[in-house]
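Okay, here's what each chain looks like letter by letter:
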Amino acid sequence: MSTAITNISSLVTNDPSLGDGPLGLVQDAAVVIDGDRVAWIGASSKAPATDNAVDAAGRAALPGFVDSHSHLVFAGDRTAEFNARMSGQAYSAGGIRTTVAATRAATDEQLEANLLRYLGEALRQGTTTLETKSGYGLTTRDESRALRIAAAHTDEVTYLGAHVVAPEFADDPAGYVGLVTGEMLDACAPHARWVDVFCEKGAFDGDQARAVLKAGERRGLIPRVHANQLGHGPGVQLAVEVGAASADHCTHLTDADVDALAQGTTVATLLPGAEFSTRARWPDARRLLDAGVTVALSTDCNPGSSFTSSMPFCVALAVRDMGMTPDEAVWSATAGGAAALRRTDIGRLAPGARADLVLLDAPSHVHLAYRPGVPLVSAVWRAGVRHQG
């Protein structure tokens with residue numbers, strides 16, 4: 001079945017060959033969807049005949065958001081930890097172990113129900129592609145079941161056995177790295193596309209992180225890195241060294257870090273929800289963009305440090321507090337996320353791309369930053385299927 005969405009006031013295509021500027025903006029536009037793909041884009045008055053028609057009535061449209069960093073297979077609640085932070089306590093990586101205990105105790109059905117809840121929540125807010133990780137099990141059994149559950153419902157799945165050192169290995173971190181790069185990896189690799197590591201003080205140092213990423217590569221997994229969130233460290237340089245698809249967080253960067261990202265192919269994925277929820281220093285997106293670094297935006301949705309599934313919220317934060325323009329933030333939340341996942345079929349609206357489209361209750365994509373906190377998503381199409389509105 002084909003569908004024409006007409007009378008779009010302003011259409012973000014992220015294809016400069018189709019419209020104006022880096023966003024490829026088309027005014028008074030139409031999009032034709034055929035099956036799960038975009039078949040045609042152009043002026044609304046020239047839209048071809050289709051099986052179905054949807055009148056956008058002057059609303060803006062853009063590609064579905066690509067959330068390239070989340071942690072959704074978990075159980076339990078960390079409200080008390082958040083409350084303590086908002087009362088003056090500092091954030092550290094140690095809180096992850098609270099979620100580990102609850103996740104290990106949960107049934108598969110409980111973990112799956114929780115995952116589906118947050119996937120649905122994200123979809124309603126315009127997210128049509130979502131990466132999610134393991135990392136709250138830290139045993140071979142719990143990491144592999146987390147990935148199996150995630151792979152049944154999400155587009156992109158990441159093995160994060162190296163989230164923190166498991167509690168039972170507190171006195172033997174080398175032993176835990178051996179588990180993560182051995183038996184655990186063997187059980188998890190069939191369910192994942194990516195391998196990730198939290199390269200940070202309190203988690204894994206540069207040598208340990210390199211060992212984890214190299215072992216994952218040998219099993220066919222592509223590296224990505226939690227890098228430079230809590231302080232300066234080797235994470236960004238390591239990500240570039242191993243050709244990781246993305247270095248995520250990038251809050252504390254030296255000039256050498258920025259230069260490495262600018263000269264390499266690794267995407268800098270910024271996660272403003274984490275800074276919002278931990279009252280930490282904001283990443284300097286302007287510095288990265290001015291250096292020529294490819295920047296993505298993501299939610300980092302997780303129960304501890306960034307419990308939001310809202311990409312529109314992250315767009316607004318990036319514009320308000322990270323030096324991005326509305327156009328740059330929207331590009332980073334769509335095409336940037338696609339780049340971080342090494343995907344060319346998503347994050348853009350052009351003939352042949354997957355038909356992932358968000359219709360806003362607003363005349364322009366700028367309203368995502370202009371009207372923060374307002375539920376502007378009117379309708380969502382994912383792979384050509386309309387989900388609301």
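Residues numbered from 1 in each chain as written. Predicted model: local features only at pLDDT ≥ 70, side-chain atom pairs only at ≥ 80, totals over all residues. Heavy atoms only, no water.

Trainee: Help me understand the sheet that holds strand 11 (residues 246-249) in this model?
Mentor: Paired through backbone hydrogen bonds, the strands of a sheet run either parallel or antiparallel to each other. Sheet architecture is open: 8 strands sit in the order 6-7-8-9-10-11-12-13, paired in parallel fashion. The sheet terminates laterally at strand 6 (65-67) and strand 13 (295-297), the two strands that pair on one side only. Shown here is a sheet whose adjacent strand axes are inclined to one another by a mean of 25 degrees, direction ignored. Bridging between strand 7 (residues 127-133) and strand 8 (residues 156-162) involves 3 bridges; their strand directions are parallel. If you follow Thr132 over to strand 8, its bridge partner there is Val157. (Pairing = 2+ DSSP bridges. Helix = DSSP H or I, 4+ residues; strand = E, 2+ residues; numbered from the N terminus. Axes fitted to C-alpha atoms, helices over the stretch in contact; angles between N-to-C directions.)

Trainee: Before we go on, may I ask you to explain the pairing of strand 10 (residues 222-227) in this structure?
Mentor: Here is the key point about a regular strand: its side chains alternate between the two faces of the sheet. Of all 6 residues making up strand 10, 5 are buried, and the element is well covered by its neighbours. Pairing analysis gives 6 bridges linking strand 9 (residues 194-199) to strand 10, with the strands arranged parallel. Directly across from Trp194, in strand 10, lies its bridge partner Ile222. For the crossover from strand 9 across helix 7 (residues 206-218) to strand 10, the handedness is right-handed. Two elements, strand 10 and strand 11, share 3 bridges in a ladder whose sense is parallel. Following the sheet pairing, Val225 is matched in strand 11 by Ala247. Tracing the backbone out of strand 10, into helix 8 (residues 235-241) and back to the parallel element strand 11 gives a crossover that is right-handed. (Buried < 20%, exposed > 50% of the residue type's maximum accessible area, 1.4 Å probe, protein only. Right-handed = clockwise from strand over helix to strand, strands pointing away.)

Trainee: Looking at this model, I keep getting lost on the packing of aromatic side chains. Mind explaining?
Mentor: Each pair of aromatic rings is reported with the distance of its centres and the angle of its planes. Enumeration over the complete set of coordinates arrives at 7 aromatic pairs. Both rings, one in Phe74 and one in Tyr118, keep their centres 5.8 Å apart while their planes meet at 20 degrees; by these two values the pair is stacked. Taken together, the residues Phe74 in the loop between strand 6 and helix 1 (79-86) and Tyr118 in helix 3 (residues 108-124) connect sequence positions 44 residues apart. Note on accessibility: Phe74 and Tyr118 belong to one class, buried. Ring centres of Phe74 and Phe307 lie 6.0 Å apart, and the angle between their planes is 75 degrees; this geometry places the pair in the edge-to-face category. Linking Phe74 in the loop between strand 6 and helix 1 with Phe307 in the loop between strand 13 and helix 12 (311-321), this pair joins segments that are 233 residues apart in sequence. Aromatic ring contacts, followed pair by pair, group Phe74, Tyr118, Tyr136 and Phe307 into a single cluster. (Phe/Tyr/Trp six-rings, centres within 6.5 Å; stacked < 30°, edge-to-face > 60°.)

Trainee: Can you help me understand the pattern of salt bridges in this one?
Mentor: Opposite charge on two side chains lets them pair, provided their charged atoms get close. Using the criterion set out here, one finds 25 salt bridges in the structure. Glu131 is paired through a salt bridge with Lys133; the nearest N and O atoms lie 2.8 Å apart. The exposure class assigned to Glu131 is buried, which follows from its relative accessible area of 0%. Among the salt bridges present, the one from Arg193 reaches Glu156, with a minimum N-O distance of 3.0 Å. (Salt bridge = Lys/Arg side-chain N within 4 Å of Asp/Glu carboxyl O.)

Trainee: I'm lost on the nonpolar core in this one. Help?
Mentor: For soluble globular proteins, the rule of thumb is that nonpolar side chains tend to be buried together. With 86 residues, the main nonpolar core has Tyr159, Tyr176, Leu288 and Leu297 as its most contacted residues. Counting residues per element, this core draws most heavily on helix 3, at 6 residues. Aside from chain neighbours lying at most four places away, what touches Leu288 is Leu253, Val258, Leu261, Ala268, Leu270, Val293 and Val295. If you look at the next biggest cluster of nonpolar residues, it comprises 18 residues, including Ile41, Ala61, Leu349 and Ala355. (Core = buried A, V, L, I, M, F, W, Y, C linked by side-chain atoms within 4.5 Å. Contact = heavy atoms within 4.5 Å.)

Trainee: Looking at this structure, I do not really get the side chain of Glu200. What am I missing?
Mentor: The topology assignment puts Glu200 in the loop between strand 9 and helix 7. The buried charged residue Glu200 lacks any salt bridge partner; its closest oppositely charged side chain belongs to Lys201, at an N-O distance of 9.4 Å. Within the local environment of Glu200, its side chain forms a polar contact with the backbone nitrogen of Leu230, the two atoms lying 3.1 Å apart. Not counting chain neighbours up to four residues away, the residues in contact with Glu200 comprise Ala227, Asn228, Gln229, Leu230 and Gly231. (Lys, Arg positive; Asp, Glu negative; His and termini not counted. Polar contact = N/O pair within 3.5 Å; in protein donor to acceptor, adjacent residues only side chain to side chain.)

Trainee: Please clarify how the environment of Thr3 should be interpreted in this entry.
Mentor: If you trace the backbone, Thr3 turns up in strand 1 (residues 2-11). For the pair Thr3 and Ala146, spaced 143 residues apart in sequence, the C-alpha to C-alpha distance is 37 Å. Apart from residues lying up to four places away in sequence, Thr3 is in contact with Val31, Val32, Ile33, Thr50, Asn52 and Val54.

Trainee: What am I meant to see in the side chain of Ser2 here?
Mentor: By secondary structure assignment, the location of Ser2 is in strand 1. On the basis of relative accessible area, Ser2 is assigned to the buried category, the value being 12%. Residues contacting Ser2, with those up to four places away along its chain left out, are Ile33, Asp34, Thr50, Asp51 and Asn52.

Trainee: For this particular structure, what's the right way to read helix 13 (residues 326-340)?
Mentor: Residues lying three or four places apart along an α-helix face the same way, a consequence of the helix completing one turn every 3.6 residues. Its 15 residues place the ends of helix 13 20 Å apart at the C-alpha level, agreeing with the 21 Å of an ideal helix rising 1.5 Å per residue. Helix geometry: helix 13 is bent most strongly at Ser332, by close to 40 degrees. Among the residues of helix 13, those classed as buried are Ala329, Val330, Ser332, Ala333, Thr334, Ala335, Gly336, Gly337, Ala338 and Ala340. A positive backbone phi angle near 55 degrees is found at Arg342, which sits one or two residues after helix 13. (Expected span 1.5 Å × (residues − 1). Bend = angle between axes of the 7 residues up to and from the residue.)

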